[in-house]
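Residue-level structure breakdown
Residues per chain are reported as follows:
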Amino acid sequence: MDTSNPAVFVNAELLRMHVGRRVRAVIQVLRSDGGGSVIGKSTDEQQLVVKGHPSGPLSTFVEVIGIADSNQSIQAEIWTNFGDALDTACYNNVCQLANGDFKHLFI
């Protein structure tokens, strides 16, 4: 596993703390504008814009890894389909842990 450039687990609330850094987030895909942006709902129920071009069709839930370019958008480098069902509350708790007292456990 490459640990030279780790991606911080974020939801929409935490994204604003990491602008300019490499992040990872899971979104529920709401729509794609066809021009290189996907509108999604973060695990904390807030809207995020993911910029970039996925390599294929997207499932309902997608993890994106990329650079937080604003407090509401990510320039995606990697898109990973997470399927059509996901416990978003659980993932949201992981984001909180990864940015709180236990962040040392998350590279």
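Quick summary incoming for the structure in this document. Only a predicted model underlies this, so the values are computations on that prediction, with no experimental measurement involved.

Turning next to the overall build of the chain. Regarding its fold elements, the chain presents two helices and six strands. Its helices and strands in sequence order give the chain the pattern β-α-β-β-β-β-β-α, from N to C terminus. Relative to the globule expectation of 13 Å for 107 residues, the C-alpha radius of gyration of the chain, 13 Å, shows essentially globular dimensions. In terms of its C-alpha atoms, the chain occupies a principal-axis envelope of roughly 40 × 25 × 25 Å.

Note that Ser73 resides in strand E6 (residues 73-81). The sequence separation of Ser73 and Pro54 amounts to 19 residues, and the corresponding C-alpha distance is 15 Å. What Ser73 contacts, discounting residues up to four positions off in sequence, is Leu15, Val49, Lys51, Ile67 and Ala68. Only 2.3 Å separates the side chain of Ser73 from the side chain of Asp69, close enough to count as a polar contact. Polar side-chain contacts of Ser73 include one of 2.8 Å to the side chain of Ser70.

Moving on: the pairing of strand E2 (residues 22-32). Pairing geometry for strand E1 (residues 8-9) and E2, over two bridges, is parallel. Considered in E2, the bridge of Phe9 is made with Arg24. For E2 and strand E5 (residues 61-70), the ladder comprises seven bridges, and the chain directions are antiparallel. Looking across to E5, one finds that Val26 is bridged to Glu63. With five bridges connecting them, E2 and strand E3 (residues 37-42) associate as antiparallel partners. From the neighbouring strand, Val29 faces E3, where its bridge partner is Gly40.

Turning to the packing of aromatic side chains, a few remarks are in order. Counted under the stated rule, the structure contains two aromatic pairs. Ring geometry for Phe9 against Tyr91: centres 6.1 Å apart, planes inclined by 55°, an arrangement best described as tilted. Here Tyr91 lies in helix H2 (residues 88-98) and Phe9 lies in strand E1, a separation of 82 residues in the sequence. Neither Phe9 nor Tyr91 differs from the other in exposure class; each is buried. Judged by its relative accessible area of 19%, Phe9 falls in the buried class.

Mapped onto the secondary structure, Asn11 falls in the loop between E1 and helix H1 (12-15). One polar contact links the side chain of Asn11 to the main-chain amide nitrogen of Leu14, over a distance of 2.9 Å. Setting aside its immediate chain neighbours within four residues, Asn11 contacts Ser42, Thr43, Asp44, Asn92, Cys95 and Gln96.

Below, the discussion takes up a nonpolar patch on the surface. A cluster of nonpolar side chains, contributed by Leu97, Phe102 and Leu105, occupies part of the molecular surface with about 300 Å² of accessible area. Counting through the fold element by element, Leu105 comes out in the segment after H2. With a relative accessible area of 58%, Leu105 lands in the exposed category.

Definitions and cut-offs
Residues numbered from 1 in each chain as written. Predicted model: local features only at pLDDT ≥ 70, side-chain atom pairs only at ≥ 80, totals over all residues. Heavy atoms only, no water. Helix = DSSP H or I, 4+ residues; strand = E, 2+ residues; numbered from the N terminus. Rg over C-alpha atoms; globule rule 2.2 N^0.38 Å. Contact = heavy atoms within 4.5 Å. Polar contact = N/O pair within 3.5 Å; in protein donor to acceptor, adjacent residues only side chain to side chain. Pairing = 2+ DSSP bridges. Phe/Tyr/Trp six-rings, centres within 6.5 Å; stacked < 30°, edge-to-face > 60°. Buried < 20%, exposed > 50% of the residue type's maximum accessible area, 1.4 Å probe, protein only. Patch = residues over 30% accessible without salt bridge, like charges linked within 9 Å, V, L, I, M, F, W, Y side chains within 5 Å. Areas by Shrake-Rupley, 256 points an atom, 1.4 Å probe, with all protein chains shown as cover. Salt bridge = Lys/Arg side-chain N within 4 Å of Asp/Glu carboxyl O.

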